[in-house]
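Residue strings, one per chain:
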Amino acid sequence: MNCLECDAGINIPGDAAVGEIVSCPECGADFEIAKKDGANVQLKPAESVGEDWGE
Ligand SMILES: [Zn+2]
């Protein structure tokens, strides 16, 4: 799995669950596991607390 921000490799534990947060070791960006299908993991940017949805 690669970071969506800097393309560094992110190690996803085999037992990681959907909704878990993983951090990029390179840029520190947080990603949430959006989907998991076997070894196929899809990440989405994790919204930090105090999210800015700009309503
Ligand atoms: Zn990164």
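Each chain has its residues counted from 1, following the order in which its sequence is written. For a predicted model such as this one, the threshold for reporting local features is a pLDDT of at least 70, and the threshold for listing and counting side-chain atom pairs is 80 or more; totals across whole chains, interfaces and linings nevertheless cover every residue.

**Points about the overall build of the protein chain**
Argument step 1. Under the scheme used here, helices are H or I runs from DSSP no shorter than 4 residues and strands are E runs no shorter than 2 residues, and both carry numbers assigned from the N terminus. Scanning the protein chain from N- to C-terminus turns up zero helices and three strands.
Argument step 2. Mapped from its N terminus to its C terminus, the protein chain presents α and β elements in the order β-β-β.
Argument step 3. Here the protein chain holds 55 residues, and 9% of them are scored as buried.
Argument step 4. Contacts here follow a simple rule: the backbone-placed C-beta atoms of the two residues must lie within 7 Å. Sequence-distant contacts in the protein chain: of pairs separated by 6 or more residues, those separated by 24 or more amount to 17%. Any residue with 12 or fewer other C-beta atoms within 10 Å of its own C-beta is exposed, any with 20 or more is buried, and the rest are partly exposed; the C-beta atoms used are placed from the backbone.

**Brief notes about unusual backbone geometry**
Argument step 1. Even without being glycine, Asp 7 reaches a positive phi, approximately 70°.
Argument step 2. When the 11 C-beta atoms within 10 Å are taken as the criterion, Asp 7 is described as exposed.

**Overview of the sheet that holds strand S3 (residues 40–45)**
Argument step 1. Read from one edge to the other, the open sheet built from three strands follows the order S1-S2-S3, with strand pairing classed as antiparallel. Edge positions in the sheet fall to strand S1 (21–23) and S3, since each has one partner strand and no second. Across the sheet, the axes of successive neighbouring strands diverge by a mean angle of 45°, strand direction being ignored.
Argument step 2. When DSSP finds two or more bridges between two strands, those strands count as paired. Bridge analysis of strand S2 (residues 30–37) against S3 gives six bridges, and the strand direction is antiparallel. Among the inter-strand pairings, Lys 35 is bridged to a residue of S3, identified as Gln 42. Between N-to-C directions, angles cover 0 to 180 degrees, with each direction set by a line fitted to C-alpha atoms, over the stretch in contact for helices.

**What to know about the environment of Ala 8**
Argument step 1. Examined against the element boundaries, Ala 8 turns out to sit in the segment before S1.
Argument step 2. Owing to 12 C-beta atoms within 10 Å, Ala 8 belongs among the exposed residues under this scheme.
Argument step 3. Beyond its immediate sequence surroundings of up to four residues, Ala 8 is in contact with Asn 2, Cys 3, Cys 24, Pro 25, Glu 26 and Cys 27.

**A look at the pairing of S2**
Consecutive side chains along a regular strand alternate between the two faces of the sheet.
Argument step 1. In this structure, S1 lies alongside S2, joined through three bridges in antiparallel fashion. Of the residues in S2, the one forming a bridge with Ile 21 is Glu 32.
Argument step 2. In sequence, S1 turns back onto S2 through a hairpin of six residues, with Gly 28 there showing a positive phi of about 80°.
Argument step 3. Counting the residues between successive antiparallel strands, the hairpin from S2 to S3 contains two residues, one of them, Gly 38, with a positive phi of roughly 65°.

Take it as geometry only, folks, not as evidence of what the structure does.
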